[in-house]
Amino acid sequence: MSLYNSIIRPLLFKLPTETAHEIGINALRMGLSSEIVQNQFAKRFECNEFGELNRFGLTFKNPFGMAAGFDKNGVVVNQLAALGFGFVEVGTVTFKPQQGNDKPRLFRLPKDLALINRLGFNNEGTPKVVERLKKLNPNCVLGVNIGKNKAVPNEEAIENYLKSFDLAHEVADYITVNVSSPNTPNLRELQKAESLEELLGALQERNKVCSSAFRRQNASEKPPQHGTTSVKPLLVKIAPDLSESEIEAIVDISLKLNLAGIIATNTTVNREGLLTKIDETGGLSGKPLTKRSTAVISTIYKYSKGKIPIIGVGGIFTAEDAFEKICAGASLLQAYTGFIYQGFSFARNVNFGLAKILKEKGFNNLDEAVGSKVE
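Here is a short report on the structure shown in this document. (Residues numbered from 1 in each chain as written. Predicted model: local features only at pLDDT ≥ 70, side-chain atom pairs only at ≥ 80, totals over all residues. Heavy atoms only, no water.)

Digging into the sheet that holds strand 7 (residues 141–146)
Thinking step 1. Overall, parallel pairing links the 8 strands, which are arranged 3-4-7-8-9-10-12-13 in a closed barrel. For this sheet, the mean inter-axis angle between neighbouring strands, taken without regard to orientation, is 25 degrees.
Thinking step 2. When strand 3 (residues 64–66) meets strand 4 (residues 87–93), the two strands line up parallel, connected through 2 bridges. Looking at the pairing, Gly 65 lines up with Phe 87 of strand 4. (Pairing = 2+ DSSP bridges. Helix = DSSP H or I, 4+ residues; strand = E, 2+ residues; numbered from the N terminus. Axes fitted to C-alpha atoms, helices over the stretch in contact; angles between N-to-C directions.)

Some details on the pattern of salt bridges
Thinking step 1. The full count for this structure, using the stated rule, is 14 salt bridges.
Thinking step 2. Residue Lys 134 is joined to Glu 131 by a salt bridge in which the shortest nitrogen-to-oxygen separation is 3.0 Å. Here the residue Lys 134 and the residue Glu 131 both occupy positions in helix 5 (residues 126–134), the gap between them amounting to 3 residues, near one helical turn.
Thinking step 3. For Lys 134, a relative accessible area of 41% puts it in the partly exposed group.
Thinking step 4. A relative accessible area of 41% means that Glu 131 is categorised as partly exposed.
Thinking step 5. The closest approach of N and O atoms between Glu 324 and Lys 373, which form a salt bridge, is 3.0 Å. (Salt bridge = Lys/Arg side-chain N within 4 Å of Asp/Glu carboxyl O. Buried < 20%, exposed > 50% of the residue type's maximum accessible area, 1.4 Å probe, protein only.)

Notes on the nonpolar core
Within soluble globular proteins, side chains that are nonpolar generally end up buried alongside one another.
Thinking step 1. The biggest cluster of nonpolar side chains holds 104 residues, and the ones touching the most others in it are Phe 70 and Tyr 161.
Thinking step 2. By size, the runner-up hydrophobic cluster in this structure holds 6 residues, among which are Phe 107, Leu 109, Ile 116 and Leu 274. (Core = buried A, V, L, I, M, F, W, Y, C linked by side-chain atoms within 4.5 Å.)

Regarding the packing of helix 10 (residues 319–328) against helix 12 (residues 346–360)
Thinking step 1. At a minimum axis distance of 8 Å, the contact between helix 10 and helix 12 shows a crossing angle of 60 degrees. If you check the angle between helix 10 and helix 12, you find them oblique. Handedness of the crossing formed by helix 10 with helix 12: right-handed. Across the interface between the two elements, Ala 319, Glu 320, Ala 322, Phe 323 and Ile 326 of helix 10 pack against Asn 349, Val 350, Gly 353, Leu 354, Ile 357 and Leu 358 of helix 12.
Thinking step 2. By residue class, the composition of the contact of helix 10 with helix 12 is 8 nonpolar, 2 polar and 1 charged. (Parallel < 35°, antiparallel > 145°, perpendicular 65-115°, else oblique. Left-handed = near helix turned anticlockwise from the far one by under 90°. Contact = heavy atoms within 4.5 Å. Nonpolar A, V, L, I, M, F, W, Y, C, P; charged D, E, K, R; others polar.)

Focus: the packing of aromatic side chains
Thinking step 1. Scanning all chains against the criterion turns up 14 aromatic pairs.
Thinking step 2. Ring plane angle 65 degrees and centroid distance 6.4 Å describe the contact between Phe 87 and Tyr 174, whose orientation is recorded as edge-to-face. Pair noted here: Phe 87 is in strand 4 and Tyr 174 is in strand 8 (residues 174–178), with a separation of 87 residues, a long-range link.
Thinking step 3. Note on Phe 87: relative accessible area 0%, which makes it buried.
Thinking step 4. Between the aromatic rings of Phe 323 and Phe 363, the centroid separation amounts to 6.3 Å while the plane-to-plane angle is 55 degrees, which identifies the pairing as tilted. (Phe/Tyr/Trp six-rings, centres within 6.5 Å; stacked < 30°, edge-to-face > 60°.)

Considering the environment of Asp 252
Thinking step 1. Here Asp 252 shows up in helix 8 (residues 244–256).
Thinking step 2. In sequence terms Asp 252 and Ile 300 are 48 residues apart; their C-alpha atoms lie 9.9 Å from each other.

Digging into the sheet that holds strand 5 (residues 106–109)
Thinking step 1. An order of 5-6-11 is seen for the 3 strands of this open sheet, with the pairing classed as antiparallel. Taken across any chain shown, the strands that pair with only one partner, and hence form the sheet edges, are strand 5 and strand 11 (283–286). For this sheet, the mean inter-axis angle between neighbouring strands, taken without regard to orientation, is 20 degrees.
Thinking step 2. Relative to strand 6 (residues 114–117), strand 5 is paired through 4 bridges, and the arrangement is antiparallel. Residue pairing for strand 6: Arg 108 is matched across the bridge by Leu 115.
Thinking step 3. Here helix 2 (residues 17–31) sits on the sheet in contact with strand 5 and strand 6, set at roughly 95 degrees to strand 5.

Some details on the side chain of Asn 145
Thinking step 1. Relative to the assigned elements, Asn 145 resides in strand 7.
Thinking step 2. Leave out the neighbours within four places in its chain, and Asn 145 touches Ala 68, Glu 89, Val 90, Gly 91, Thr 92, Val 93, Thr 176, Asn 178 and Lys 237.

Some remarks on helix 8
Thinking step 1. Taking 1.5 Å of rise per residue, 13 residues should cover 18 Å, and helix 8 covers 18 Å from first to last C-alpha, within 8% of that figure.
Thinking step 2. By the burial criterion, the buried members of helix 8 are Ile 247, Ile 250, Val 251, Ile 253 and Ser 254. Angularly, the buried residues of helix 8 cover 165 degrees about the axis, an arc narrow enough to put them on a single face. Residues of helix 8 that are exposed and point more than 90 degrees away from the buried face comprise Ser 245 and Lys 256. (Expected span 1.5 Å × (residues − 1). Arc of directions from axis to C-beta.)

Description of unusual backbone geometry
Thinking step 1. Following Lys 103, the chain continues to Pro 104 via a peptide bond in cis, the omega torsion being -5 degrees.
Thinking step 2. You can see Pro 104 is positioned in the loop between strand 4 and strand 5.
Thinking step 3. A cis amide bond links Ala 264 to the next residue, Thr 265, at an omega of 10 degrees.
Thinking step 4. Positive phi, close to 70 degrees, is recorded for Asn 186, a residue that is not glycine.
Thinking step 5. Structurally, the position occupied by Asn 186 is in the loop between strand 8 and helix 7 (193–217).

Now the structure itself:
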């Protein structure tokens, strides 16, 4: 049994869930603060078994990333990269800072290997987070996940998203539009076809304007490593609680607007099959979400005919979980809850385990396995 599982996790799990999370963030921030320490960890945890993975114009060291929600304010990006994550998605950030919902708002379900959260997009605001990221030289692909302020009605959502997008465009390698959190009232209404097409269409139009201005500004300079693709890859993150027809509609919109990808999925409001008796509202993540998120991935892959890159997230704890999502159509992966339960070696174990499974199954590379089980 690892040090994390035998000592660290039992101690952290004695604390309130959000307190433990804050301690974990601070431990990463301080313990892996120097480049020397980060490099030492990176050598231990890096996985080069996949070669270079090219997805929507970006190159990933490996397919396994940290999902949005863990590092909301972009304070431990390189620390997470040092632990073996091939990319880190910061956020969700909103244009204006938010305190989020009242505490307690984060709950563990150890019997189910799950979490319930109703944090409510607590973050320091896009301007402050972006200023922090400007000072960072990311050691991995950097995503920024943007959401809507709670006080902003859906009728004014587009302008609110655009304000965050304009800022995030400067620093992000890709940008994710979060319309699927269950913890902001009426946010999921934006997943409906007409509303979603209007929102994503406006963001893509702004994307073209921002990217054109960026190219003109940097025409005489050698571009930096991050944040320089001609049109910023724009992705949308969807809920696991959608019907098949709703998923099909989102796929159609994504193809029509030439989105870079879909992230499947966010947390669920479904409580079926839980071992833990708990009466708390919010989004459920972790092992109970594994099969449903994989099913959504498969549905997206089927309706898009494999034309839309999918980032698969939801209930990944093992390399086998990761492999199932790859075979269902995911070309990249993310996790959050698995890291809470598995600890520092989580990304390394999943990456090396996934590479081993691919080899044992006779795949020459990851791309060959993507969607291989979808009829």
